[in-house]
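Working through the structure, step by step
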Amino acid sequence: MAAPFRAGRLLILRARYTRSCTPGGRVDIVKGNMGWIEVVVGPMFSGKSEELIRRLRRAEIAKQRVQIFKPVIDQRYAKGGIVSHSGLELDSELVKTGEEILAKVAPRTEVVGIDEAQFLGESVVESCVKLADMGKRVIVAGLDTDFMGRPFEPMPRLLAVAEEIVKFLAICMRCGNPAVHTQRLVASEELIVVGAGNMYEARCRRCFEPHLAHDKIDEAKIATIPKAQAATR
């Protein structure tokens, strides 16, 4: 997994785009006590958490007061920290909803980091807007599409109110082309199934199979028919 990820990272940087209030396309100069929202999106294995950690570490080096949050349901690599697939880690606080973030942010905090925001519900959008209105820099990372390739709410709404948007691409694990989709490999129709490399992989537009998870469910049902018939004999 390590080598494809590194190769994907190089491609990701070239595929990056931004939207901002400055002519250069980035939030470079902010006058006065103004906050803003930065959103990093893309499929799994594209380097979103790594980019979030990089930005937050730079803020800490600059002696800014930083608070970091992640969903309580995401404990794939660590219970109390955000962790990238490449192993980078920063301590964080666990929350269930966006409303909890707003309640936990200290008045003197200058930078707020949020990982896997798609798991925090609709309230995360309002919380990010309120924090930015309070003069804080809000940096958010999350999936912009689900396992079916559909917009993953509430991320589209968050993109609409952000000053800066960065979209990363991964490397397709089938053909090596730029990957924009997250392919679910297990049989489940649930929208949220937290997992890593054994349950998901990055796929390009051509190799993506949006109905694969549903097909696996059907295959599992068919496989149980002979067993059920044998049990009734």
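Residues numbered from 1 in each chain as written. Predicted model: local features only at pLDDT ≥ 70, side-chain atom pairs only at ≥ 80, totals over all residues. Heavy atoms only, no water.

1. Topic: the sheet that holds strand β1 (residues 36-41)
Basically, it comes down to this: Two strands pair if DSSP finds at least two bridges between them. In this text, helices come from DSSP runs of H or I with a minimum length of four residues, and strands from runs of E with a minimum of two, each type numbered from the N-terminal end. Helix axes are fitted to C-alpha atoms over the stretch in contact, other axes to C-alpha atoms as well, and angles between N-to-C directions run from 0 to 180 degrees. By the convention used here, residues are in contact when the closest approach between their heavy atoms is within 4.5 Å.
On the basis of which strands lie adjacent, the open sheet formed by six strands has the order β5-β2-β6-β7-β1-β8 and parallel pairing. For this open sheet the edge positions go to β5 (93-95) and β8 (164-167), each flanked by a neighbour on one side alone. This sheet shows a mean twist of 20° between the axes of neighbouring strands, independent of strand direction. Both β1 and β8 contribute to a ladder of four bridges, which runs parallel. Residue pairing across strands places Val41 opposite Lys167, the latter belonging to β8. The sheet strands contacting helix α2 (residues 48-61) are β1, β2 (66-71), β6 (111-114), β7 (137-142) and β8, and the helix crosses β7 at an angle near 160°.

2. Concerning helix α4 (residues 123-133)
Stated precisely, the cut-off is as follows: Summary of the burial criterion: residues with accessible area below 20% of their type's maximum are buried, those above 50% are exposed, and those between are partly exposed, where the area comes from a 1.4 Å probe applied to protein chains only.
For α4, the set of buried residues is Ser123, Val124, Val125, Ser127, Cys128, Leu131 and Ala132. Against β1, α3 (98-104), β6, β7 and α5 (155-161) lie the buried residues of α4. Following α4 by one or two positions, Gly135 has its phi on the positive side, about 95°.

3. Let's talk about unusual backbone geometry
A cis amide bond links Glu153 to the next residue, Pro154, at an omega of 10°. Mapping Pro154 onto the fold places it in the loop between β7 and α5. You will see that Glu116, though not glycine, has its phi angle at about 50°, which is positive. Mapped onto the fold, Glu116 is located in the loop between β6 and α4.

4. Examining the side chain of Lys136
To be explicit about the condition: For the charge count, each Lys or Arg is scored as positive and each Asp or Glu as negative, with His and the chain ends excluded. One side-chain nitrogen of Lys or Arg within 4 Å of one carboxyl oxygen of Asp or Glu is enough to make a salt bridge. Contacts described as polar in this section are N or O atom pairs within 3.5 Å, which, within protein, must combine one atom able to donate a hydrogen with one able to accept it, while residues neighboring in sequence count only if both atoms come from side chains.
Mapped onto the elements of the fold, Lys136 is located in the loop between α4 and β7. Buried within the structure, Lys136 lacks any salt-bridge partner; Glu110 is the closest side chain of opposite charge, at an N-O distance of 8.7 Å. In terms of polar contacts, Lys136 uses its side chain to reach the backbone carbonyl oxygen of Pro107, at 3.0 Å. Residues in contact with Lys136, not counting those within four places in the same chain, are Gly35, Trp36, Val105, Ala106, Pro107, Thr109, Glu110, Val112 and Leu131.

5. Some points on α2
One full turn of an α-helix is made of 3.6 residues, so residues set three or four places apart face in the same direction. Which entries qualify depends on this criterion: What a helix is expected to span follows from its residue count: subtract one and scale by 1.5 Å.
Here α2 contains 14 residues, and its C-alpha end-to-end distance of 20 Å stays within 8% of the 20 Å for a straight helix at 1.5 Å per residue. Those residues of α2 lying buried are Lys48, Ser49, Glu50, Glu51, Leu52, Ile53, Arg55, Leu56 and Ala59.

6. A short note on the state of the cysteines
The criterion, for reference: Our working definition of a disulfide is a cysteine sulfur pair at a distance within 2.5 Å.
This model, assessed by the stated rule, comprises zero disulfides. Cys175 supplies the cysteine sulfur nearest to Cys172, a cysteine that is in no disulfide, at a spacing of 3.7 Å. Residue class for Cys172 comes out buried when judged on its relative accessible area of 3%. Cys175 carries a free sulfur, and the closest cysteine sulfur to it, the one in Cys204, is 3.6 Å from it. Cys175 gets classed as partly exposed once you look at its relative accessible area, which sits at 33%.

7. Here we look at the pairing of strand β12 (residues 200-203)
The alternating pattern of β12 places Tyr200 and Ala202 on one face and Glu201 and Arg203 on the opposite face, and all of these are buried. Bridge count for strand β11 (residues 181-184) against β12 is four bridges, and the pairing is antiparallel. Across the sheet, the residue bridging to Gln183 is Glu201, located in β12.

8. Observations regarding the environment of Ile68
With respect to the element layout, Ile68 can be found in strand β2. Judged by its relative accessible area of 6%, Ile68 is buried. Residues Ile68 and Val105 lie 37 residues apart in sequence; the distance between their C-alpha atoms is 9.2 Å. If sequence neighbours within four positions are ignored, Ile68 has contacts with Leu56, Glu60, Ile82, Leu90, Asp91, Ser92, Glu93 and Gly113.

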